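Residues per chain are reported as follows:
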Amino acid sequence: MSSHRQDALRRVTAPDIAARKGGVPLVCLTAYTAPMAELLDAHCDLLLVGDSVGMVVHGLPNTLGVTLEMMILHGQAVMRGSRRAMVVIDLPFGSYEGSPEIAYANAARVMKETGCSAVKVETGPAVAQNIDYLVKRGIPVVGHVGLRPQAVMVDGAFKAKGRGEDERRRIVEEARATADAGAFAIVVEGVAEGLAREITLAVQVPTIGIGASVGCDGQILVTDDMLGLFDWTPKFVRRYADLRGEIGRAVAAYADDVRARRFPGPAEIYFAKAG
Ligand code: KIV
């Protein structure tokens, strides 16, 4: 491949994302498969292989059952399907919290086996030192504060965060510690507008909001939610399509055609060669 062609295909990097602080908002979506990554690539700065894959694709009740192997398989698919957007892969529950060394071994494996550009970790109080360890060893990290889905068993449910003063202060401190540890961007999930703005002002790196208002440096949604693939979506999701309805109509039409022997028709079958 010529260097010119390499330039044309250059992926968005961690410094490119970091440089967008306060600029044109970052456009981010989740992706789990190659064909979806191909559809999203031209429109997005960043594709996140989120551990939401466990709930969205594998039907798990929460993200706690997601494994490193699942993240690697989906990460490889998204890398194959995309060319330009930065691909970030979530480290799943239990793969990075225990110690900096465990976090490094697992993050390095994810990067080596997928070719992705960065990992994301949910930033509980014990995780900042692990982020520092990863970044100092060449692994770009995105943090994640506010509603942390991997803490669902501690919280008891997926609940918006930062409604009381103590929790607000703690989340701002966690965001600061995440940025100070070297994260190049921070996902802010499920917090009130005022808190999202406060975090965005408190840190030097871009904030990427989900259910966190327009007071962030960018936005991310679960793609399947915004495409309308589920019968229920959280309040903060805007549905840009009704793929659930479209798929239902298409499959019903196929079933009718099969039962009435209208499918396959002459254009959809092979004929033997004459002679
Ligand atoms: O797992 C995921 O999809 C995420 C986004 C909701 C930010 O972490």
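All figures in this text were calculated on a predicted structure; none of them were measured in a lab. (Residues numbered from 1 in each chain as written. Predicted model: local features only at pLDDT ≥ 70, side-chain atom pairs only at ≥ 80, totals over all residues. Heavy atoms only, no water.)

**Remarks on the layout of surface pockets**
Right, on to step 1. Empty space within the largest pocket amounts to approximately 1,400 Å³.
Right, on to step 2. If you trace the largest pocket, you find 49 residues lining it, with Glu189, Ile210, Asp225, Pro234 and Phe236 closest to the centre.
Right, on to step 3. Among the elements that line the lining of the largest pocket, the one with the most residues is strand β1 (residues 26-30), at five residues.
Right, on to step 4. Of the volumes computed, that of the second largest pocket is approximately 290 Å³. (1 Å grid on protein atoms, 1.4 Å probe; cavity = no way out; pocket = protein on both sides within 12 Å on 5 of 7 lines; lining within 4 Å. Points joined across faces, edges and corners; volume = space filled by probe spheres on them. Helix = DSSP H or I, 4+ residues; strand = E, 2+ residues; numbered from the N terminus.)

**Some points on the nonpolar core**
Right, on to step 1. Within the largest apolar cluster, 44 residues are counted, with the highest numbers of intra-cluster contacts made by Leu47, Val87, Leu91, Val110, Val119 and Ile139.
Right, on to step 2. Contributing elements (two or more residues each) for this core: α3 (34-41), β2 (46-49), α4 (53-56), α5 (68-81), β3 (86-90), α6 (100-114) and α7 (128-136).
Right, on to step 3. For this core, the leading source of residues is α5, giving six residues.
Right, on to step 4. Other than its neighbours up to four places away in sequence, Ile139 contacts Tyr104, Ala107, Ala108, Met111, Val119 and Leu134.
Right, on to step 5. Core analysis: the second largest hydrophobic core is formed by 17 residues, Ile17, Cys28, Met86 and Phe184 among them. (Core = buried A, V, L, I, M, F, W, Y, C linked by side-chain atoms within 4.5 Å. Buried < 20%, exposed > 50% of the residue type's maximum accessible area, 1.4 Å probe, protein only. Contact = heavy atoms within 4.5 Å.)

**Thoughts on the pattern of salt bridges**
Right, on to step 1. The tally for this structure, following the rule as stated, stands at 20 salt bridges.
Right, on to step 2. Linking Arg10 and Asp16 is a salt bridge whose minimum nitrogen-to-oxygen distance equals 3.4 Å.
Right, on to step 3. Using a relative accessible area of 45% as the deciding quantity, one classes Arg10 as partly exposed.
Right, on to step 4. Overall, the relative accessible area of 29% leaves Asp16 in the partly exposed class.
Right, on to step 5. Each member of the salt-bridge network shares a partner with another, and the members are Asp155, Lys161, Glu167, Arg170 and Glu174. (Salt bridge = Lys/Arg side-chain N within 4 Å of Asp/Glu carboxyl O.)

**Some remarks on a nonpolar patch on the surface**
Right, on to step 1. Residues Tyr254, Val258 and Phe263 make up a contiguous nonpolar surface patch of roughly 280 Å² in combined accessible area.
Right, on to step 2. Along the chain, Phe263 falls in the segment after α12 (243-259).
Right, on to step 3. Residue Phe263 is classed as partly exposed on the basis of its relative accessible area, which comes to 35%. (Patch = residues over 30% accessible without salt bridge, like charges linked within 9 Å, V, L, I, M, F, W, Y side chains within 5 Å. Areas by Shrake-Rupley, 256 points an atom, 1.4 Å probe, with all protein chains shown as cover.)

**Notes on α3**
Right, on to step 1. Listing the buried residues of α3 in full gives Met36, Ala37, Leu40 and Asp41. Summarising the axial view, the buried residues of α3 lie within an arc of 135°, below the 170-degree limit, and thus occupy one face. Structural note: α3 exposes Pro35, Glu38 and Leu39 on the side pointing more than 90 degrees away from its buried face.
Right, on to step 2. Considering only its buried residues, α3 is in contact with β1, β2, α5 and α11 (223-226).
Right, on to step 3. The opening residue of α3, the one whose side-chain oxygen lies 3.4 Å from the backbone nitrogen of Met36, is Thr33. (Arc of directions from axis to C-beta. Polar contact = N/O pair within 3.5 Å; in protein donor to acceptor, adjacent residues only side chain to side chain.)

**As for the packing of α5 against α6**
Right, on to step 1. At a closest axis distance of 9 Å, the pairing of α5 and α6 adopts a crossing angle of 35°. Remark: the crossing between α5 and α6 carries right-handed chirality. The segment α5 lies against α6, with Leu68, Glu69, Ile72, Gly75, Gln76 and Met79 engaging Asn106, Arg109, Val110, Glu113 and Thr114.
Right, on to step 2. A breakdown of the residues in the contact of α5 with α6 according to their chemical character gives four nonpolar, four polar and three charged. (Axes fitted to C-alpha atoms, helices over the stretch in contact; angles between N-to-C directions. Left-handed = near helix turned anticlockwise from the far one by under 90°. Nonpolar A, V, L, I, M, F, W, Y, C, P; charged D, E, K, R; others polar.)

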